[in-house]
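# Working through the structure, step by step
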Protein chains: 2
Amino acid sequence: MQITSESSIEVSTFEWPAGFYTDAGHAGLKKGADDLGWLVSKVPADAAGVYTTNQFQAAPTALTKQTINLAHKLQAIVMNSGNANSCTGVQGTHDAAAMQKAAADKLKIDSNLVGVASTGVIGEQLPLDKIKKGIDGLGLTKSDDVTKAVLTTDTHAKTITVTCLIDNKKVTLTGFCKGSGMIHPNMATMLGFVTTDAAIEGNQLQGLLSETVNQTFNQITVDGDTSTNDMVVVMANGQAGNDSLTPSHEDYPTFVKAFKLVLSHLAKEIAGDGEGASKLVEVNVAGAYNALEGQQVAKTIVGSNLVKAMIFGGDANWGRVMQAIGQTTAHVDLNGVSVSINGIQMVKNSLAADYSENEVAKTLTEKMVTIDVDLNAGTDTGTAWGCDLTYKYVQINASYRS
Amino acid sequence: MQITSESSIEVSTFEWPAGFYTDAGHAGLKKGADDLGWLVSKVPADAAGVYTTNQFQAAPTALTKQTINLAHKLQAIVMNSGNANSCTGVQGTHDAAAMQKAAADKLKIDSNLVGVASTGVIGEQLPLDKIKKGIDGLGLTKSDDVTKAVLTTDTHAKTITVTCLIDNKKVTLTGFCKGSGMIHPNMATMLGFVTTDAAIEGNQLQGLLSETVNQTFNQITVDGDTSTNDMVVVMANGQAGNDSLTPSHEDYPTFVKAFKLVLSHLAKEIAGDGEGASKLVEVNVAGAYNALEGQQVAKTIVGSNLVKAMIFGGDANWGRVMQAIGQTTAHVDLNGVSVSINGIQMVKNSLAADYSENEVAKTLTEKMVTIDVDLNAGTDTGTAWGCDLTYKYVQINASYRS
């Protein structure tokens, strides 16, 4: 049997790729917890990003987009939680630039190599003095504190390290993110960062990121709202020493697969840690007319408040899945739809199948719920992830600022 | 001062218009409450309807649409709660027709003059024997029991009677509806019925209904889901003796105004009685590029889970209103948006205005919350209604069938 480089892909214990350093600290934006940190590469890295589609793009998000688009290069990203620097006008734009400059000065690099990310309350001006003082205290370590410093209502840090062989050299990809509320298709309140020591040129990385985000981060939904601040940024510093990755490189499929593994793991982590969530929900749609419609139907089902509440209650009311399908404009064989919940077929040819209600109800007590749908209208598929709608979601969002 | 017929419009105590009879009874579909009823006109009435946009249109909805479209005439509508007769296949289509025929036979009229409406659980076959026996027991009364027999998770019946003068004759319009869950733009789980003794030709009535529904029922949202069963049906039996209403009739504006009053009252009643709702929310958008965008922005704000949860919690987090505006594709002056909550300006030129947090919080304890937005991008407006997102919503929908 031939050993392909793809078989070298492994999820490993957390570590930063070669040549990446980080640190985090408490700048005083959140009570008692780290709220400021950075990610630094020893050399300028190739970089790519995707950004919120919300019309009110926060100042740091706009600045980072502009910075990356200059030359697809970053050497550092500085980030804070506790304040989103969003809907803060000219002052906000100025403050984001000042935060970028403070990090650049401390690192003695060009401001155009520094990304900025903020998350937290919208509409309050950034306490710039605290931020500057905080940045001044940051060092270059191998700790994972920065993965916690970006959290808001998340219940835990979300990280993954994947290794693989490219040109027979060990390549490491390490990603982390914050999510929780407002997680919806198209980049809701979510910050995602992926570091890798692979060599891959910026434009190439941008294409790969955009494509992979559409299949992962943009297929999760917690509450249907999209935020003003969110982005996913990738930095690839080439320290692994492989030949630069392009589609014609024989190990390119290995890197793509490892990269998708990192992003889909983080996306699922966000969905499962949605505000107040008690269950991760995965919806797989088959028989779609095309991939776009498969994704649309999967997202509509996983985003339906009625479906989400029924999953919280452990009530296998499949009519709500049908109703969600019917809300879409996707091609559907109206008399040929199948629905299974946790592997038990509940709907066949758009009618109730012969199932045991108790058996289904029992599976709904698990932490993971899978809904499989066949639209019988084609051969394409789509997958989306979300969570249940719980009392706790309402509680968290009824008093977010308190 | 000239007395116009418009000044004759009055909301009066509940009564049926001339020539309308109803009855309701317990057929055994719901526990202990009336679950079957009808609405009968002494003569065939001109009729119009609007129907769910869900791809899975329930059998009774499809049948009523087909029936009305024959000649825009109805003499009766028979309706039940407790079972939606939806996702019930060929059997469901047969049962809806059998329900129609049973009512026609009992009334000794043509089946093509009978509409059918069902609401309740999706995916279970209609217990036709119970329905038939129930219809056999219905009489012709002036009671309002039918307005209760259609309810599901509604907490109270929703009715309104409006009178006005057309050709100096008293015209009565009486509407009722059921709503609660799955109330969203485009006719979610909602049945609405309007009866009037005005004379107005069917096609004319259809145009007026479609237009008015877009400004009323389609501007309410409870949870963003649309159901398979919903419709609004109007019957106008001409018993008031006015000249048939057309746009050239001098009292036509009076009728239009009275008709819109009926529909907007019912729409607001549904929004305020959304599942688990504790507050009615009204969003008024001004400065819209066009009316469609005004409506879109109003609906997006009122439909945002984050906005809904913050209203439940009495937390005036205006950033969530901005974030909802930014999610739309509407024209927005990104540096010129104003937002007021309960009349207190919180955002000016897209930045925090000078307001007292306590003062706003105090107004959020009221049962009605008004959000006024100015997009500063044009001169059109839009309004939408919804409710807050509460623990009770989750509770109701976690175990709807139990």
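Residues numbered from 1 in each chain as written. Chains lettered and ligands numbered in written order. Predicted model: local features only at pLDDT ≥ 70, side-chain atom pairs only at ≥ 80, totals over all residues. Heavy atoms only, no water.

Applied cut-off: UniProt positions are given in the numbering used here, feature names are shortened, and annotations may be inferred rather than shown by experiment.
In the nomenclature of an unreviewed UniProt entry, chain A corresponds to Arginine biosynthesis bifunctional protein ArgJ from the organism Lentilactobacillus hilgardii. Of chain A, the UniProt comment under Sequence similarities (unreviewed entry) reads exactly: "Belongs to the ArgJ family." Recorded under Subcellular location (unreviewed entry), the UniProt text for chain A is reproduced unchanged: "Cytoplasm".

### Comments concerning the relation of the copies chain A and chain B
Here is the rule we go by: All copies are superposed by least squares; the fitting set is the C-alpha atoms of residues with a pLDDT of at least 70 in both. Here a residue-residue contact requires only that any non-hydrogen atoms of the pair lie within 4.5 Å.
Relative to chain B, chain A is turned by 180° and slid 0.0 Å along the rotation axis, the superposed coordinates differing by an RMSD of 0.0 Å. The transformation relating the two chain copies, once decomposed into turn and shift, fits a two-fold axis. For chain A, the residue whose C-alpha comes nearest the rotation axis is Tyr391(A), separated from it by 2.6 Å. Of the interface residues in chain A, 100% have counterparts in chain B that sit at the interface too, so the contact is made through matching surfaces.

### What to know about the pairing of strand β13 (residues 344–348) of chain A
Residues and elements named next belong to chain A. The following threshold applies: The rule for pairing is simple: two strands pair if DSSP sees at least two bridges between them. Helix and strand assignments come from DSSP, with helices taken as H or I runs of at least 4 residues and strands as E runs of at least 2, each series counted from the N terminus.
Judged from the three bridges that link them, strand β12 (residues 338–341) and β13 form a sheet pairing that is antiparallel. Across the sheet, the residue bridging to valine 339 is valine 347, located in β13. Joining the antiparallel neighbours β12 and β13 is a turn of two residues, in which asparagine 342 adopts a positive phi near 50°. Summarising the sheet, β13 and strand β14 (residues 351–352) pair through two bridges and their orientation is antiparallel. Bridging from a neighbouring strand, valine 347 pairs with alanine 352 of β14. Following β13, the chain reverses through two residues before pairing antiparallel with β14; asparagine 349 in that reversal takes a positive phi of roughly 50°.

### Details of the environment of Leu113(B)
Residues and elements named next belong to chain B. Locating leucine 113 in the fold gives a position in the loop between α2 (89–107) and β5 (114–119). Residues leucine 113 and leucine 70, spaced 43 residues apart in sequence, show a C-alpha to C-alpha distance of 9.5 Å. Apart from the residues lying within four places of it in its own chain, the contact partners of leucine 113 are Pro44, Thr67, Lys73, Leu74, Gln75 and Ala76.

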